[in-house]
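Structural characterization, general
If you want the building blocks of each chain, they are given just below.
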Amino acid sequence: MLLALAIIFILILINALYVAAEFATVGARRSRIRQLSAAGNPFAKRLLTVLEDSKRLDEYIAVCQIGITLSSLVLGAYGQAALAVRLTPIFENLGRMQSVAAQSSAAVAVLIGLTMLQMVLGELVPKSIALQYPNRTALLTALPMQWSLVAFKWFNKILNGSGIAILKLLGIEQTSHIHIHSPEEIEMLIAESREGGFLDAAEHERLRNALKLNLRTVKQLMVPRTRVAFIDVNTTIPQAIEIVKNSPFTRLPVYSGNTDTIVGLLHTKDLAIAYIGESQIDSLRSVMRPVIHVSEGAKADRLIAMLREHRTHQAIVVDEFGGIAGLVTLEDILAEILGETADEFKAGEAQAERLPDGSVRVPGHLRLDEASELLGSPLRGDTETISGLITHHLGHIPKEGDRVVINGLEFQIERVDSRAITSLVVKKINSIGVRSGKE
């Protein structure tokens, strides 16, 4: 009896081995396995050859399925043969059953007991361990799986060939077991890591921002034209020195005639070096750098490629009509990921802040998607910023004190600069409508 129980336990362990190998191998991080392989881990080297070859991974998973099926069948057959015979007399004595009824009852009891043991010890427990520790489990099962690949190679070819033939008959294309995560799935994984305590709030936010970077357009990242400091190409050097001295910016677009005709970019360092040095400079043209132009609809990843290609940190943004829409820099891209920063010369951008009465002060340049997340209410429109949305709803040039209600939120204009809203105070209300004018 003890020998029979020991064999049953071994068969359950074999089933657990294949279950753990299957779930762990699919969930293992290839980057981590690649690191361990480079460090000389022999099991990682074996596993890496499987993970980096979709065909071999398919074979690996198929062998796991063969092992699970065979161990389950052998367990059921052996359990019936070894245990049901021994339990039959017990059912005959306790229940005063006839021989046939006792045999049937013993068979059912063995089936239920083995099924429960196999489900718990052979399926649920190894699956949970493999999902929680996929890399470690995949490495521990790599060697026995290599043996299984050799032992079941012929059987695996027959089964795989039959499966592929059936899929073709059904018109279904065979796919690899490698799971390629979509950006949405990656964002969910990041959120789960944050909830599990593996990422703090700042790390979570940076990863989310980096993931969404390819969805951002240049128009969403740029400094708008009204906030760009330009300099005329005909400005004299002494005048340029004075402008640079009073400006917080290190790079100034140089225009000729009007600000829609940008002819170059003045870097204050170039001007200072030329002015202090022995060489004589008679105009800005001799010290200004060439500048690239980019469409306001271009994506951020394309912008990065352009900046890298031209070995520059900034580009002039052109709107759909060919006019200058603004200026975008590498710093704007970094700010999208890391958040706004300030230096000793330039003040940081105004940030949203919660006021004591429960309302929220937001800058006018805040993007609609950011405002929606911050205020907990969807804000949509044809504009990019909250300032543009409010101006659209007002229907006239905004004035300080104007109010507008959108989706249960009341926006009161706090400050206006050059006809653009720079600051608003937002509070939740129940009614929906539009009110204009000071109160």
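Attention in this report is confined to the structure presented alongside it. (Residues numbered from 1 in each chain as written. Predicted model: local features only at pLDDT ≥ 70, side-chain atom pairs only at ≥ 80, totals over all residues. Heavy atoms only, no water.)

Some points on the sheet that holds strand 6 (residues 314–318)
Across a sheet, paired strands are connected by hydrogen bonds in the backbone, their directions being either parallel or antiparallel. The strand order across the open sheet built from 4 strands is 1-7-6-5, with neighbouring strands paired in mixed fashion. A single partner strand is all that each edge strand has here, and the edge strands are strand 1 (223–224) and strand 5 (292–295). One ladder, built from 5 bridges, connects strand 6 with strand 7 (residues 324–329); its direction is antiparallel. Pairing of V318 across the sheet is with I324, part of strand 7. Packed onto the sheet, helix 14 (residues 300–310) meets strand 5, strand 6 and strand 7 and runs at close to 170 degrees relative to strand 5. Across the sheet, helix 15 (residues 330–338) lies against strand 1 and strand 7, angled at about 70 degrees from strand 7, the strand it touches most. (Pairing = 2+ DSSP bridges. Helix = DSSP H or I, 4+ residues; strand = E, 2+ residues; numbered from the N terminus. Contact = heavy atoms within 4.5 Å. Axes fitted to C-alpha atoms, helices over the stretch in contact; angles between N-to-C directions.)

Digging into unusual backbone geometry
With a phi angle near 55 degrees, R311 is a residue other than glycine that sits in the positive phi range. Mapped onto the secondary structure, R311 falls in the loop between helix 14 and strand 6. Located in the positive-phi region is N407, a residue other than glycine, with phi close to 50 degrees. Here N407 lies in the loop between strand 10 (403–406) and strand 11 (409–417). On the accessibility criterion, N407 (40% relative accessible area) is partly exposed. (Buried < 20%, exposed > 50% of the residue type's maximum accessible area, 1.4 Å probe, protein only.)

Considerations on the packing of helix 2 (residues 30–38) against helix 3 (residues 42–51)
Where helix 2 meets helix 3, the axes come as close as 8 Å, and the angle between the chain directions of the two elements is 140 degrees. One element, helix 2, and the other, helix 3, form an angle in the oblique class. Crossing angle aside, the handedness with which helix 2 passes helix 3 is left-handed. Contacts from R30, I33, R34, L36 and S37 in helix 2 reach A44, K45, L47, L48 and L51 in helix 3. (Parallel < 35°, antiparallel > 145°, perpendicular 65-115°, else oblique. Left-handed = near helix turned anticlockwise from the far one by under 90°.)

Some details on a nonpolar patch on the surface
Taken together, the side chains of F9, L13, L117, M119, V120, L121, L124, V125, I129 and Y133 define a hydrophobic patch exposed on the protein surface, amounting to about 860 Å² of accessible area. Going through the elements one at a time, helix 1 (2–27) and helix 5 (99–132) are the ones with two or more residues in the nonpolar patch. Of the residues forming the nonpolar patch, the biggest block, 7 residues, is contributed by helix 5. Looking at the element boundaries, I129 is found in helix 5. Overall, I129 belongs to the partly exposed group, its relative accessible area being 42%. (Patch = residues over 30% accessible without salt bridge, like charges linked within 9 Å, V, L, I, M, F, W, Y side chains within 5 Å. Areas by Shrake-Rupley, 256 points an atom, 1.4 Å probe, with all protein chains shown as cover. Salt bridge = Lys/Arg side-chain N within 4 Å of Asp/Glu carboxyl O.)

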